[in-house]
Structures are given as structure tokens and as C-alpha cells.
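# Fold and contact review
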Amino acid sequence: MKKRVRPKVAILILVGMMITTGCNQNTSDSTVLSDTTKTSGDMTVGSSTDILEKQEETYVISPQFDEASPFNEAGYAVVGEAVSGQMKYGVIDETGTYVTPTCFDGYDMPNFELLRYENVDNSIIWVRENDIWSFINEDGDWLSDCQFQDHTYFSDNGLAGVKQDGKWGFCDQNGQIVINPEYSAVSAFDENGYARVCSNGKWGTIDETGETVIEAKYQRITCSGDMTDSFILWGNGGAKIYMVDDGNYNYGLVSITGDILTSDNLLSPPIFTLDGLAQVQTEDGYAYMDMTGRIVIEEYNAVAISAFTHSYASVKCEDVDGNVYYNIINESGTVVGTDSFDDVGDFSENGLAPAAKNGEYGFIDSKGEFVIVSQFHFASTFDSNGYAVVGDGDQYAIINETGELMTQYLYEECYETRSNEEPLPFSTFVIRQNGKVGIMNECGESLLDPQYDEIFFSSANTYEGDYFLNLSDQYMAMVVLDGMKGIVSLKGELYLEPIAEQESITIAPDGMTAVCIDGKYGYIDLVP
């Protein structure tokens, strides 16, 4: 991968636009942005700019584009310019210099996939002109001679699925076909080193040489990370297995080499957790399955079952009179303790779980005994540092592992901050007071006063409406005020005032972030 070079100027002002009506390989006229250092009073085009001036943000590339993508890992981004009423796209580097003409009709970058799969190559940008796809490689070179009808993203083995003459095969990063187009559909290569391919309406898998691994005989094959029917398969299990189904919501498991692991149809997709067990629904009822496809715990009389967390799960039952109750079981399927509960939440690293008795919540240990007596109207799971949210009526507070109140009941809403669905190494909480949200620590000290309408955490599972995608290694969130977007750290530091007009924000791996100001996009570096 090429060496990253970060510009040393504070603002880069566009001195010329390169607008073309067709693409060619000559980029000698690529726009070069002049070096201009921002000083007080330089930017007075509107209130959004005034706010930026006051907080002394560093623009790497000034607002000038009609659309703008995140920068990829190779240091390139796609920007759009409205040309005769149509959007045309070009590729720039981190100095704002064009490396391609502004002539493409569309583009594709695997930003969401970076958070869902570990083997995505984000250094390649696919671009489309006149319904033909080609790509920009990690050196910024446009491989215009490779022309495809469609594509997948590149995996870290250097291969991508491509469509030619109505059939799918695979090409390398030189644009050369390495697996002949002979399939009706394909997936990208997965973390197991295999790609799923479809022939005659049935799916199988191949390896990197194109050799068949699993015969094409399934209606669908799903691997870890796939978005299918609104769920993510496997959770954090990391199983070397695929889920297969017949298209009628009957599921099974096979190994990555095609060995059938389940003898019976499953009526629900198995979602494995770190404990290595998945809750499943069979024709006989609910059960737990291990990664070999073996039913290890039968709960056929249960109304519902939860996932195992930290070696324990809850089972929802119903007696002959229709009364619902919950039991706790361990990984051998043994009921823990002699008591049952009105409700049970997930167990935490500290071995405690919220549980309700007689309409009030407390916390139980792995023996099923209350160690914090039931007294709350609401109780969350403890975070990784030993703090939980509890409710008294319509007000919320924080407690520690002994049940001691760390804050007063002051908040209309309170919940722990998260990043990409993962717990944090520190404890901070979103709070809402008088209809506004902010951030506090576990002791109730305000880190960001409640002043925003909403706050969004990074997630790879949200594609529509307001969303926030953080591809960097920093802990950040998007805040919204009067429809404008800003960025804060999850420790309450303000990185960007709510001045961004776009619907959603994506932070690139190195922090470069496209921000729309007064209808134009520029770039700000949000990672120190």
C-alpha cells in the first residue's frame, strides 16, 4: 500500500475546476489546490462558517464539492460535481488534487463492509461510466481497460467478483480475469478463503483457484457478517461454518468444506455468541446447539430462550395456568438456584444479571440469588467496568456493583455509550434532561452538557436515514441539533460543532471526514 502523505496546510482553496464530459487517462490538467492558512476573518460566507471560525477547525480541503465520500485506506476519496444537471464524480487524494477526471456516473466503496468483515480491501474504488465498471487501484491509477457490468468488493486475497457478458467470475487487482465468468451470481471471498457462487439457481462455494469446494445445491449460503433477513449470522462466534437454507426459512449448518452438521431442519437461524452456543428453534421446540451442529441443551417446553452470555442464559416458561416465569440455566442445561423470576437480563463480566421479582428489579449472581435486592422499576446489564443504569419511576440513575447509587435520579433517559456494537474500556453514559441529550461519567459528572436533540453511535447495520459510521480507532458519536450534525468523543470532547448539513457522517480510518457546509462538501481531520 502506498505511503500516506498528510498535507501541512490548514485550508486548501480550489483555484480551478476540471469538468469534462468524457473520461480519458490524461490527468495532467488535474486541479491543484493552493495552500492558504486560515486566519481570523478569512471566512465570512455564512453562519456555519462563522461557527467553524470560532472553534478554529482545521480544514484540510475547503467546502467546494456537491458530494463527497470518505477517504479510503489508500488515501483517496470520490467527490461529485453537478454538471449540466447531472452529478459527475472524480477521485482526489488527501491534498485535494484530482487523480482522475471528473467524469464518472457512480462509484462504490466498501465502508459498511469494513466493520462487518475482517478481509475487506478498502484501498480500491470502483467507478462507473455509461453502465461500465472499472476501478482506481491503491496507487491512484485508473484501470480503464478493465470493463465490467457489475462487481463485488475486493477481498484481502486481491480478488473481486466481476460480471462480464451476463456471467460472473473473478479478477485480480490488475483487472485480469483469473476465474472465468461462468456463474449467475457470486459473493466476495470470505474470511474462510472461499467465495459463494450460484449456478442454475443453486449456491455452492469455490476456492481461490476456482475449484469447487461445496457443490452448488443450496438455495442460499450465509456466512458470518452477512445481512440476511435483518439479522447478522454468528454474532461473535467466529465459527468456521456456513448456514444454508432451502428458501422456505428452513435452516441448517455445513462446515466450510461442505460436511453437513445438522440432521434436522432449524426453524430459526442459529446466532452463535462468544460462549460457542446458539439458541435455535427446531420442529420439537427451542434448544441450544454447539458449533459442530449438535443439540447440547433441549428446552422443548420453553416459550422462548435467550442467548448465553458469560456462561448463563434465561429460559422463558409458562405453567398450566398461563403464568410466565424465567429460569436461569448454565452451559450444561442445569437450572441454577431454586427460584424463578418475572424477567431476567443478560449476565455481565462481573457475574451479575438484572432480574425482576414481584414487579421490581434487582441483580442476581450465578447462583440465582439476589445480591442487590429488587427495588428498581428498571435495571440494565452492568457495563464492562461494573456500572449499570437503574430506574425509579420515570427517572434514572447509575449504580455500582454493590448497589450504591453513583448519581441521583435526575435523568429522563440514561444508557451506556457504545461504538460499533462493542463495549468501551471506560464508562460514560448518554443522559437526557429537559428533552436534550448529553454525556456524563459513571459518577454523574457532566462531560457534555445536555444540549443536543439526538445522539447516534457507529453501527454497520444501519443504512437509511440519519446514521453515523466510524471507521477510525477513536471513540466518537454523532450529535444532532436542529437537524445539523456534529461529532463528539464518547468522553464528551467536542470535535465538530453541529454545523454539518448532510444526513449522515462517515469518519475515515485516518479521521478524514466529509462535512457539508452551506451546500458544499469539504474535509476536516477529526483524529489528532
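Residues numbered from 1 in each chain as written. Predicted model: local features only at pLDDT ≥ 70, side-chain atom pairs only at ≥ 80, totals over all residues. Heavy atoms only, no water.

## Structural notes on the confidence of the model for the protein chain
Worth spelling out the cut-off: The predictor reports its confidence for every residue as pLDDT, a score running from 0 up to 100. When checking whether two residues touch, look at their non-hydrogen atoms; a contact exists if any pair is within 4.5 Å.
Within the protein chain, residue pLDDT values average 85, and 84% of them lie at 70 or more. Note on residues 1-21: pLDDT is under 50 here. Beyond four places in sequence and across chains, it has 73 contacts.

## Some points on the environment of Ser 62
The cut-off we apply is this: We count a stretch as a helix when DSSP gives it H or I for four or more residues in a row; a strand needs E for two or more, and each element gets its number in order from the N terminus. The cut-offs for exposure are 20% and 50% of the maximum accessible area for each residue type, with area from a 1.4 Å probe on protein chains only; residues under the lower value are buried, those over the upper are exposed, and the others partly exposed.
Residue placement: Ser 62 occurs in strand β3 (residues 59-65). Ser 62 gets classed as buried once you look at its relative accessible area, which sits at 7%. Between the C-alpha atoms of Ser 62 and Ile 517, which are 455 residues apart in sequence, the distance is 9.5 Å.

## Describing the sheet that holds strand β12 (residues 160-164)
To be explicit about the condition: A pair of strands is labelled paired if DSSP reports no fewer than 2 bridges between them.
Pairing in this open sheet of four strands is antiparallel, and the strands run β11-β12-β13-β14 from one edge to the other. In this open sheet, the two edge strands, each paired with only one partner strand, are β11 (150-151) and β14 (177-183). Here strand β13 (residues 167-171) pairs with β14 via three bridges, running antiparallel. Looking across to β14, one finds that Phe 170 is bridged to Ile 179.

## Quick look at the sheet that holds strand β32 (residues 343-344)
Adjacent strands of a sheet pair through backbone hydrogen bonds, lying either parallel or antiparallel. Across the sheet, four strands lie side by side as β32-β33-β34-β35; this open sheet has antiparallel pairing. Where the open sheet ends on each side, the last strands, each with one partner, are β32 and β35 (370-376). The sheet contact formed by β32 and strand β33 (residues 353-357) spans two bridges and is antiparallel. Residue pairing across strands places Val 344 opposite Ala 355, the latter belonging to β33.

## What about the nonpolar core?
Basically, it comes down to this: Residues belong to one nonpolar core when they are buried, are Ala, Val, Leu, Ile, Met, Phe, Trp, Tyr or Cys, and are joined through side-chain atoms within 4.5 Å.
By size, the foremost hydrophobic cluster in this structure holds 20 residues, and its most contacted members are Tyr 218, Ile 221, Tyr 242 and Val 254. Secondary-structure elements contributing two or more residues to this core are α2 (111-116), β18 (212-218) and β22 (241-245). Val 254 has contacts with Ile 214, Tyr 218, Ile 241, Tyr 242, Val 244, Asp 259, Ile 260 and Leu 261, leaving out every residue within four places of it along the chain. Core analysis: the second largest hydrophobic core is formed by 16 residues, Met 476, Ile 505, Val 515 and Ile 517 among them.

## A short note on the pairing of strand β9 (residues 132-136)
Along β9, four of the five residues are buried, which leaves the element largely enclosed by surrounding structure. Of the pairings in the sheet, the one linking strand β8 (residues 125-129) to β9 comprises five bridges and is antiparallel in character. The residue bridging Glu 129 from the neighbouring strand is Ile 132, located in β9. Once β8 ends, the chain turns through two residues before running back antiparallel as β9, passing Asn 130 with a positive phi of about 55 degrees. Examined bridge by bridge, β9 and strand β10 (residues 142-148) share three bridges and lie antiparallel to one another.

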